[in-house]
Amino acid sequence: SIRTRDRQRSLIFATMQNEEGEVVDLYIPRKCSWTNRLIEAQDKASVQINVGSIDPNTGLYINTYKTYALSGYVRGKGESDMALTDLVRKQDEHQL
């Protein structure tokens with residue numbers, strides 16, 4: 001019937017598969033690390049920053065990092081520097 005065909009057609013377009021046949025999403029939303037708000041796809045001012053981990057004894061990079069996402073809202077208010085600094089300090093205190 002037409003209704004069944006439309007349902008099948010919508011299921012085909014609703015999913016995307018990679019080369020291994022696994023279902024993958026086209027868009028995975030991010031959350032601002034500072035405000036916990038969702039970062040919309042249209043937020044062109046948002047940034048994602050990787051902060052590298054260092055060995056406390058040698059001070060050398062140890063091939064791991066923590067990813068922080070900051071929304072355009074935070075950047076527009078001029079608070080991104082303070083937010084990133086505070087997030088990294090809290091992460092460092094948590095690791096000790």
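Not measured: the values here are computed from a predicted model.

Even after reading the chapter, I still don't get the overall build of the chain, so can you show me in this structure?
The secondary structure content of the chain amounts to 3 helices and 6 strands. Taken from N to C terminus, the helices and strands of the chain fall in the order α-β-β-β-β-β-β-α-α. A total of 96 residues make up the chain; the buried ones form 12% of that total. Put simply, 38% of the contacts in the chain that link residues at least 6 apart link residues at least 24 apart. Summed over all atoms, the accessible surface of the chain reaches about 8200 Å², with 51% contributed by carbon and sulfur.

Would you mind showing me how to read the pairing of strand β5 (residues 47-54) here?
Regular strands have side chains that alternate between both faces of the sheet. In this sheet, strand β6 (residues 61-70) lies alongside β5 in antiparallel orientation, the contact comprising 7 bridges. Bridge pairing in β6 links isoleucine 54 to tyrosine 61. Counting the residues in the hairpin turn of β5 and β6 gives 6 residues, including glycine 59, whose phi is positive at 75°.

Which parts of the structure should I look at to understand the side chain of serine 71?
Position of serine 71 relative to the elements: it lies in the loop between β6 and α2 (72-76). When its relative accessible area of 5% is taken as the criterion, serine 71 is described as buried. Among all residues touching serine 71, those that are not within four sequence positions of it are Cys32, Thr35, Ile39, Asp43 and Ser46.

Where do I start with the nonpolar core in this structure?
The nonpolar side chains of a soluble globular protein tend to be buried with one another. Among the nonpolar cores identified, the biggest contains 9 residues, and these are Cys32, Ile39, Tyr68, Ala69, Leu70, Val74, Ala83, Leu84 and Leu87. Every element with two or more residues in this core is listed here: β6 and α3 (80-95).

What counts and what doesn't
Residues numbered from 1 in each chain as written. Predicted model: local features only at pLDDT ≥ 70, side-chain atom pairs only at ≥ 80, totals over all residues. Heavy atoms only, no water. Helix = DSSP H or I, 4+ residues; strand = E, 2+ residues; numbered from the N terminus. Buried < 20%, exposed > 50% of the residue type's maximum accessible area, 1.4 Å probe, protein only. Contact = heavy atoms within 4.5 Å. Areas by Shrake-Rupley, 256 points an atom, 1.4 Å probe, with all protein chains shown as cover. Pairing = 2+ DSSP bridges. Core = buried A, V, L, I, M, F, W, Y, C linked by side-chain atoms within 4.5 Å.

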